[in-house]
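# Summary of structural features
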Amino acid sequence: METSQPHKPHHLYDIIIFGASGFTGKYVVREALKFLSTPSSPLKNLAIAGRSHEKLVKTLQWAAHPSSPPPDITVITADTTDTPSLLSLCSQTRVLLNCVGPFRIHGEPVVAACAASGCDYLDICGEPEFMERMEAKYHERAMKTGSLVVSACGFDSIPAELGFMFNSRQWVAPAVPNRIDAYVSVESDERIFANFATYESAVLGVANMDKLQELRRSRPWRPRPAIPGPRPPKGGPMIEQQEKIGLSAVKLPSADAVVVRRTLVTLTENSHGLPGINESDQHTEKRKAFWSSVKPAHFGVKLGSKSLLDIYQFIGVGLLIGLLSRISFGRWLLLTFPSLFSFGWFRKTGPSEDELRSATFKMWFVGHGFSDSSLASEKNSKPDMQIITRVMGPEIGYVTTPIALLQCALIVLSQRENLTKGGVFTPGIVFGPDLQERLQENGISFDLISKSALPA
């Protein structure tokens, strides 16, 4: 049974969900209610926060339906433009879950308040520029105050991070991976849809690409992991045929590859992971064993589908975003008429319950490497071994994302002494040793599909 760490006197709540009345936020509230005050859960008290008290009350009623909302859940009014209200939130809770996006617009004041106060912070951001900027600006401050700041705790990028680690751990010595490619496939009996916030983040991300490159050039150099064998060749066909998993695929610009690379850089600097504040001997042993089994590899993400039409539609959406995001009127068009410019994939209205129930995702991880690490150093060496694994779960934006975020939060509540004191980190490096088992218990599966030799 999990036991939570003792509360500090001024912490009224274990978790505050900020942005609770938003499209994703309300599903996070519904997921949190499953764990509130159950015997084995460290979540004993909860509050929800946002700009509108009326909308928050309606959210709580919706999330608790068909039951009545628990009477002891507090509703708090707060706004990202009101710094005192954010500091007040931080002073009252152990963990703040931030669901207010786009994060490049609304996220920094929340991170700043948490880093200043020592409150732990988790979010569902999938915006590389925001995440890297928060690391650059607030990592040192968060380390001093003991604030653990972790972005990308939703579908971006928990399945990618945990799936990459799961595949890399299948390469048992003397075998080593060289590259692991992820293929994301979304399936549904209803029309496939996606979260508008993801679309909005993509539009703004393309518009601010220059800022991200500028930020990276300004950062100090950090050591990169030593990956056996040659770098994967550049180029290749725009549309890839992956016969073993039955998908056509095209490269997907996403936060996942960025987040995985950041985790591998941190692991290069901390080969046994991040030691906890007051870590138990048992967890120290578990952490060291886990991270010694994770092997670095080149990583990329692709969108896969059984339908070539879907692939061509995705390419079309990418071209439209790439062309129009650079100018203000183009961004206005993209964000005002998302369904039109995404061929119906993205929309501002939320999904129906039938759409949620019918939607699932599969994320295939195809690893290429060497059956013996000595082969990787040979001249003109080519991978001679392939390992395929799969992560599979429910709808990505409103079901898998709340599951992943809540499980990360429950680890913070139940194992805070086993986690690093503070700083801005990726979810993989913080939760890697403990998270996979929790996800498996909550409907997200990890499977080894095949190990095979590649033709010479």
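To be clear, the structure that these remarks concern was listed above.
As a starting point, this report considers the structure included with it. Bear in mind the structure is a predicted one, so any value in this text is a computation, not a measurement.

Each value, and the rule that gives it
Residues numbered from 1 in each chain as written. Predicted model: local features only at pLDDT ≥ 70, side-chain atom pairs only at ≥ 80, totals over all residues. Heavy atoms only, no water. Pairing = 2+ DSSP bridges. Helix = DSSP H or I, 4+ residues; strand = E, 2+ residues; numbered from the N terminus. Axes fitted to C-alpha atoms, helices over the stretch in contact; angles between N-to-C directions. Expected span 1.5 Å × (residues − 1). Buried < 20%, exposed > 50% of the residue type's maximum accessible area, 1.4 Å probe, protein only. Contact = heavy atoms within 4.5 Å. Polar contact = N/O pair within 3.5 Å; in protein donor to acceptor, adjacent residues only side chain to side chain. Parallel < 35°, antiparallel > 145°, perpendicular 65-115°, else oblique. Nonpolar A, V, L, I, M, F, W, Y, C, P; charged D, E, K, R; others polar. Left-handed = near helix turned anticlockwise from the far one by under 90°.

## Let's talk about the sheet that holds strand 11 (residues 360-370)
Taken together, 7 strands build an open sheet; the order of strands is 8-9-10-7-11-12-14 and the sheet is mixed. In this open sheet, the two edge strands, each paired with only one partner strand, are strand 8 (239-242) and strand 14 (445-453). Neighbour-to-neighbour, the strand axes of the sheet open up by a mean angle of 30°, direction not taken into account. Note that strand 9 (residues 247-251) and strand 10 (residues 298-305) share 4 bridges and pair antiparallel.

## Re helix 12 (residues 308-324)
With 17 residues, helix 12 ought to run about 24 Å at 1.5 Å a step, and its terminal C-alpha atoms sit 24 Å apart, in line with that. For helix 12, every residue scored as buried is listed here: I311, F314, I315, G316, V317, I321 and L324. In this structure, the buried residues of helix 12 make contact with helix 8 (196-207), strand 8, strand 9, strand 10, helix 13 (328-336) and helix 14 (338-341). Taking the backbone nitrogen of L309 as reference, a side-chain oxygen 3.2 Å away marks S307 as the first, capping residue of helix 12.

## A word on the packing of helix 10 (residues 255-269) against helix 17 (residues 427-440)
When two helices pack together, their arrangement is given by the angle between the helix axes and by the axis-to-axis distance. Between helix 10 and helix 17, the least distance of the axes is 8 Å, while the angle of their chain directions is 80°. The angle between the axes of helix 10 and helix 17 places the two elements in the roughly perpendicular class. Where helix 10 abuts helix 17, its residues V259, T263, T266 and L267 lie against P427, G428 and I429. Residues belonging to the contact of helix 10 with helix 17 are distributed by class as follows: 4 nonpolar, 3 polar and no charged.

## Considerations on the packing of helix 6 (residues 128-145) against helix 9 (residues 209-218)
Close contact between helix 6 and helix 9 brings their axes to 10 Å; oriented N to C, the two are set at 30°. In terms of orientation, helix 6 and helix 9 fall into the roughly parallel class. In terms of crossing hand, the pair formed by helix 6 and helix 9 is left-handed. Packed against helix 6, whose contacting residues are P128, E129, E132, R133 and A136, the element helix 9 presents K211, L212, L215 and R216 at the interface. Class assignment for the residues of the contact of helix 6 with helix 9 results in 4 nonpolar, no polar and 5 charged.

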